[in-house]
Amino acid sequence: MLPVAAEAPAHGPSAPVDARHLRSALGRFTTGVTIVTCVDDVGTRVGLTANSFNSLSLEPPLVLWSLRRESPSADAFSAARRFAINVLAESQLALSRHFASRKVDRFDQGDWSAGEHGSPVLAGAVAVFECETLSTQEAGDHLLFIGRVLGCNSIAVPPLLFQAGHYRALGDVLHP
């Protein structure tokens, strides 16, 4: 017999949707942390921290991620034919913060190399997805990027997580 789950707290009526309340509610969803990279039209490496990454399809192999339209990197990613998603390990928390900063040369930290398909890839990342940009579309205050996975690899190390405005570590495996 399965154990009985603890009863969830009752929720009151839904609150009106404003940006602050929505951000708080969305933050309750735990995500992985990535550094998304590309090379711009003059050959400069571009990268930023994002937690808006998700799988989309296995056949064909598609992923998606989003970026604020007002981001200084929006033009570079919109013009790029390829990008890479580098899923960070727990040990790469400082690198996540570094790529979330406004520093000009973010690639001065981390072990970076050109991936098989041209975008910068990070050694020691939990997973790397090298992608061809299939589409970019405006969606609210963000740009949505859909990419076809051209190649990927992964290693068995704990991922870096983000939830409720804080970095987190992976917990114990739960068994029913």
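Placed above this text is the structure.
In what follows, the accompanying structure is described.

### Some details on the overall build of the protein
A count of helices and strands for the protein gives three helices and twelve strands. Taken over the C-alpha atoms alone, the protein extends approximately 55 × 40 × 35 Å along its principal axes. Looking at the protein as a whole, 35% of its 176 residues qualify as buried. Once local pairs closer than 6 in sequence are excluded, the contacts in the protein between residues at least 24 apart make up 63%. Carbon and sulfur atoms provide 55% of the accessible area of the protein, an area that totals close to 11,400 Å². If the 14 positive side-chain charges of the protein are averaged to one point and the 17 negative ones to another, these points end up 6 Å apart.

### Concerning the environment of Arg28
Relative to the helices and strands, Arg28 resides in the loop between α1 (19-26) and β1 (31-32). Residue Arg28 is classed as exposed on the basis of its relative accessible area, which comes to 54%. Arg28 sits 108 residues away from Thr136 along the chain, and the two C-alpha atoms are 27 Å apart. With residues up to four places along the chain from it excluded, the contact list for Arg28 reads Gln163 and Ala164.

### Considering the sheet that holds strand β12 (residues 166-168)
The three strands are arranged β1-β11-β12 in an open sheet whose pairing can be described as antiparallel. Pairing within the sheet leaves two strands with one partner each, and these edge strands are β1 and β12. Pairing geometry for β1 and strand β11 (residues 161-163), over two bridges, is antiparallel. Residue pairing in the sheet places Gly32 in a bridge with Leu161 of β11.

What counts, and where the lines are drawn
Within each chain, residue numbers correspond to sequence positions counted from 1 in written order. Given that this is a predicted model, residues contribute local features only at a pLDDT of at least 70 and side-chain atom pairs are listed and counted only at 80 or more, while totals for whole chains, interfaces and linings are drawn from all residues. Each side-chain value is worked out from all heavy atoms of the structure, with water and hydrogens disregarded. Labels follow the DSSP assignment, with helices taken as runs of H or I lasting at least four residues and strands as runs of E lasting at least two, numbered in each case from the N terminus. Buried, partly exposed and exposed residues are distinguished by accessible area as a fraction of the type maximum, computed with a 1.4 Å probe on protein chains only: under 20%, between the cut-offs, and over 50%, respectively. Any pair of residues with heavy atoms lying within 4.5 Å of one another is described as a contacting pair. Only the protein chains shown count as covering a residue, and every accessible area follows the Shrake-Rupley method with a 1.4 Å probe. In this tally Asp and Glu are treated as negative and Lys and Arg as positive; neither His nor the chain ends contributes. By convention, the point assigned to a charge is CZ for Arg, NZ for Lys, CD for Glu and CG for Asp. Criterion used throughout: strands pair if DSSP finds at least two bridges between them.

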